[in-house]
Amino acid sequence: MAKAGRNDPCPCGSGKKYKNCCMRQDRISSARSLGLSADASQLLARLYQFAQTRRFAAAATDSFTIFWGGVFDLTGLQSVDAEDIQRTFQWFVHDVAVDDEGQHVIDLLLDRDRAQLPPPAIRLLEAWTTSISGVYRVLATGGDDSIEAYDPLRRAEVTLTDAAMARNAQAGEIICGRSYALGDTQRLSMMSLLLPPPYETPLVDYVENAYRLYQGENPQADWDAFLRANGHIVNAFLLSEKGASLRSLIGPGTRYHDPATTRDRLRAHTAERRVEAQREAQQEAQAASGRVPRAPVRRTDSGIILPGAAPQTKPSENQGKAQPDDKPRILIPGRDG
């Protein structure tokens with residue numbers, strides 16, 4: 001497909017010029033890929049492959065329902081935005097406890113591969129293990145890939161380093177992403193999300209309300225503890241009724257990505273599969289020749305297909321058991337409470 005020019009109609013079909021629509025999102029995605037070091041690229045591939053092994057299948061499936069607010073037919077992931085899937089896995093590998101000792105996928109990978117990795121890779125992986133989700137208002141950007149920002153949750157200014165955001169974010173916009181310390185710099189993780197300025201107040205109110213509720217059960221908890229336990233809080237807000245009232249500011253036809261479109265596509269696909277399953281059941285009940293077997297679906301052991309991930313040769317016996325008609329397991333902290 002030929003690359004769209006600045007003044008060409010946007011490929012998304014919004015009817016707007018590319019420069020006023022999806023061009024910035026595409027530039028951020030491109031800058032992220034180009035800005036990855038060889039060590040970071042290899043570590044990310046290793047981390048995501050490890051997360052998709054059979055060992056974490058049940059936890060990955062449960063986490064997906066939490067992040068997107070319901071149980072969906074996972075064959076629909078093939079039509080979902082790749083960055084949303086990567087954001088889901090980023091939260092899963094960093095924040096979700098996957099064993100009785102409360103360890104995370106990234107901690108277990110570091111324990112397993114520490115002896116095999118070179119020192120720079122170990123330092124980077126150790127830095128990633130400390131990353132925590134956050135919300136930042138852009139104050140100014142610099143030519144050295146730095147971002148002067150304000151953290152409205154901790155009420156403090158901070159200097160962040162991220163080439164893609166420094167070149168594309170504008171003052172007043174909100175960056176939602178993980179940050180971690182590497183050397184003398186505070187860096188943003190790869191899958192940060194930009195939101196327009198009007199999102200700041202309702203988003204911060206939503207998160208602070210969830211924090212108060214969390215402190216009611218965990219009186220000694222600080223922001224780090226809360227955000228480690230609820231790293232999906234921003235996505236929860238964007239899928240909530242309060243987030244829905246602002247959706248006209250993001251999504252197709254704007255310069256901002258709307259994660260709720262992924263939820264909507266999954267819902268639509270799940271509804272279609274439910275209708276197909278009912279139709280097949282009726283046909284099978286009427287057929288005198290017996291049941292016609294369905295074609296198998298290729299998935300990873302976790303039941304989730306990541307773009308570029310190699311298919312597993314031995315699918316888990318427990319894959320695919322979560323059906324659309326199962327009772328949803330939904331955890332949305334701070335929801336309109």
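Check the entry above for the structure.
Please read all numbers here as calculations on a predicted model, not as lab measurements.

1. Quick look at the overall build of the protein
Check the secondary structure of the protein and you find 12 helices and 6 strands. Within the protein, contacts between residues at least 6 apart in sequence are counted, and of these 63% link residues at least 24 apart. Summing over all exposed atoms, the protein offers an accessible surface of approximately 17100 Å²; the carbon and sulfur share of this is 49%.

2. Notes on the pairing of strand 2 (residues 146–151)
Bridging between strand 1 (residues 132–141) and strand 2 involves 4 bridges; their strand directions are antiparallel. By the bridge assignment, Thr 141 is partnered in strand 2 with Ile 147. In textbook terms, the turn of a hairpin is the stretch between consecutive antiparallel strands, and for strand 1 and strand 2 this stretch comprises 4 residues, one of which, Asp 145, has a positive phi near 70°. Two strands pair when backbone bridges link them, and strand 2 and strand 3 (residues 156–161) are joined in this way by 6 bridges, in the antiparallel orientation. Directly across from Ala 149, in strand 3, lies its bridge partner Val 158. Adjacent in sequence and paired antiparallel, strand 2 and strand 3 are bridged by 4 residues, among which Arg 155 carries a positive phi angle near 55°.

3. Description of the pattern of salt bridges
Per the counting criterion, the structure on display carries 16 salt bridges. Note that Arg 273 and Asp 73 form a salt bridge whose closest N and O atoms lie 3.8 Å from each other. Of this pair, Arg 273 sits in helix 12 (residues 260–286) while Asp 73 sits in the loop between helix 3 (57–68) and helix 4 (82–95), and the two are 200 residues apart along the sequence. Notably, a salt bridge pairs Glu 208 with Arg 155, separated by 3.5 Å at the nearest N-O pair. One end of the pair, Glu 208, is in helix 8 (residues 200–217); the other, Arg 155, is in the loop between strand 2 and strand 3, with 53 residues separating them in the sequence. For Glu 208, a relative accessible area of 14% translates into the label buried. Salt bridges here are not isolated pairs; linked through shared partners, they connect Arg 247, Asp 258, Arg 263 and Asp 264.

4. Some words on the packing of helix 3 against helix 4
Axis separation between helix 3 and helix 4 bottoms out at 10 Å; the angle between their running directions is 115°. Note that helix 3 runs across helix 4; the crossing there is right-handed. Each of Ala 59, Ala 60, Ser 63, Phe 64, Ile 66, Phe 67 and Trp 68 in helix 3 lies in contact with helix 4, whose residues at this interface are Asp 84, Ile 85, Arg 87, Thr 88, Trp 91 and Phe 92. Broken down by class, the residue content of the contact of helix 3 with helix 4 amounts to 9 nonpolar, 2 polar and 2 charged.

What counts and what doesn't
Residues numbered from 1 in each chain as written. Predicted model: local features only at pLDDT ≥ 70, side-chain atom pairs only at ≥ 80, totals over all residues. Heavy atoms only, no water. Helix = DSSP H or I, 4+ residues; strand = E, 2+ residues; numbered from the N terminus. Contact = heavy atoms within 4.5 Å. Areas by Shrake-Rupley, 256 points an atom, 1.4 Å probe, with all protein chains shown as cover. Pairing = 2+ DSSP bridges. Salt bridge = Lys/Arg side-chain N within 4 Å of Asp/Glu carboxyl O. Buried < 20%, exposed > 50% of the residue type's maximum accessible area, 1.4 Å probe, protein only. Axes fitted to C-alpha atoms, helices over the stretch in contact; angles between N-to-C directions. Left-handed = near helix turned anticlockwise from the far one by under 90°. Nonpolar A, V, L, I, M, F, W, Y, C, P; charged D, E, K, R; others polar.

The quantities given are spatial measurements derived from coordinates; they are silent on function.
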